[in-house]
Amino acid sequence: LHSFPTRRSSDLIAAGKRCAGCGYAWIGPATAAADANSDALSKMLSQGYNTSNCTTTQGSGGVAAYQCGQNPLPNGPAKGLFILYGNSDDTSAGFQGAIGDLNVTPCKSGDPAPDTWSFDNSPNSTAGQVACGTGKTDNKPGLVWTNDQNHMLGGVAGSDVAALYQWWQANG
């Protein structure tokens, strides 16, 4: 179990039933009308993401989803996908689907793959799962994680797994 810098639960998000290794075969845009689930998810986006650089998507298997472009923070991911699920089983299934599309490797040398994580203020309580690797179809580095309490899965892609992991620890 790893403890990461304290983050608000709302800073963690969701990345797809089949996130395609988070190498990201994106799903088409949803209707422009915001609903309560999309609204809730928008408040959970990782730092640097918001409704001006993310758009709602559909077909994710969740109750709401956002597809995001380049994160503007230093060393930010090139893409992000965040999905809100309706329950724990769907969140877990989303994570399993996402890691099924990755050639999973430890996020940090010597760590299990996939791994669990916790907030610093609750180091003995697992807050979710995290996995790193490269997409099986596109070989792009990716990182996926869950926030189990909020039923969210987040996924980001970039040019380097280590950089994604460092960004996630600080901003995820």
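Note: the structure precedes this text.
Let me sum up the structure you'll find in this document.

What counts as what
Residue positions are counted from 1 within each chain, in the order its sequence is given. Local features in this predicted model are restricted to residues of pLDDT 70 or higher, and side-chain atom pairs are both shown and tallied only at a pLDDT of 80 or more, whereas totals for entire chains, interfaces and linings draw on every residue. Water and hydrogen atoms were dropped before computing side-chain values, which therefore reflect all heavy atoms in the structure. Here a helix means four or more residues in a row that DSSP labels H or I, a strand means two or more in a row labelled E, and each is numbered from the N terminus. Note on definitions: a residue-residue contact is assigned when non-hydrogen atoms from the two residues lie within 4.5 Å. In these tables, accessible area is a Shrake-Rupley quantity obtained with a 1.4 Å probe, and a residue counts as shielded only by the protein chains included in the view. For the exposure calls, accessible area comes from a 1.4 Å probe over protein chains only, and a residue counts as buried if that area is under 20% of its type's maximum, exposed if over 50%, partly exposed in between. The pairing criterion for strands is at least two bridges between them, as found by DSSP. Aromatic rings from Phe, Tyr and Trp, with only the six-membered ring used for Trp, were paired whenever their centres fell within 6.5 Å, and each pair was classed as stacked if the ring planes differed by under 30 degrees, edge-to-face if by over 60, and tilted otherwise. Put simply, buried Ala, Val, Leu, Ile, Met, Phe, Trp, Tyr and Cys residues joined by side-chain atoms within 4.5 Å make one nonpolar core.

As for the overall build of the chain
For the chain, the count of helices and strands is three helices and nine strands. Taken from the N to the C terminus, the helices and strands of the chain come in the order β-α-β-β-β-α-β-β-β-β-β-α. Considering only contacts within the chain whose residues lie at least 6 apart along the sequence, 66% involve residues at least 24 apart. Just so you have it, the chain exposes about 7,400 Å², and 49% of that area is on carbon and sulfur atoms.

Here we look at the pairing of strand S8 (residues 141-147)
Within S8, seven of the seven residues are buried, leaving the element largely enclosed by the surrounding structure. Inspection of the sheet shows strand S7 (residues 128-135) paired to S8 by five bridges, in the antiparallel sense. In the sheet register, Gly-133 faces S8, and the bridge partner there is Gly-142. In the sheet, S8 pairs with strand S9 (residues 152-157) via six bridges, with the strands oriented antiparallel. Paired with Trp-145 across the strands is Gly-154, a residue of S9. Counting the residues between successive antiparallel strands, the hairpin from S8 to S9 contains four residues, one of them, His-151, with a positive phi of roughly 55°.

Comments concerning the packing of aromatic side chains
By the definition in use, this model includes seven aromatic pairs. With a centroid separation of 6.0 Å and 70° between ring planes, the pair formed by Phe-82 and Trp-145 is classed as edge-to-face. Taken together, the residues span a long stretch of sequence, with Phe-82 in strand S4 (residues 79-84) and Trp-145 in strand S8 at a distance of 63 residues. Since its relative accessible area comes to 0%, Phe-82 is described here as buried. Judged by relative accessible area, Trp-145 falls into the buried class, the value being 0%. Seen from their ring centres, Trp-117 and Trp-168 are 5.8 Å apart, and the 90° between their planes marks the pair as edge-to-face.

Quick look at the pairing of S4
Of all six residues in S4, five are buried, a share of seventy percent or more. The pairing of strand S3 (residues 64-68) with S4 spans five bridges and is antiparallel. What sits directly across from Ala-65, in S4, is Ile-83. Two elements, S4 and S9, share six bridges in a ladder whose sense is antiparallel. Residue pairing across strands places Lys-79 opposite Ala-157, the latter belonging to S9.

Quick look at the nonpolar core
If you look at the biggest cluster of nonpolar residues, it comprises 25 residues, and the most contacted ones within it are Leu-41, Tyr-49, Phe-82, Val-130, Leu-143, Trp-145 and Trp-168. Where this core is concerned, the elements lending two or more residues are S3, S4, strand S6 (115-119), S7, S8, S9 and helix H3 (161-171). Counting residues per element, this core draws most heavily on H3, which supplies five residues. The residues contacting Val-130, other than those within four sequence positions of it, are Phe-95, Cys-107, Pro-114, Asp-115, Thr-116, Trp-117, Leu-143, Val-144, Trp-145 and Trp-168. Core analysis: the next-biggest nonpolar cluster, separate from the first, contains 11 residues, Leu-81, Tyr-85, Ala-98 and Leu-102 among them.

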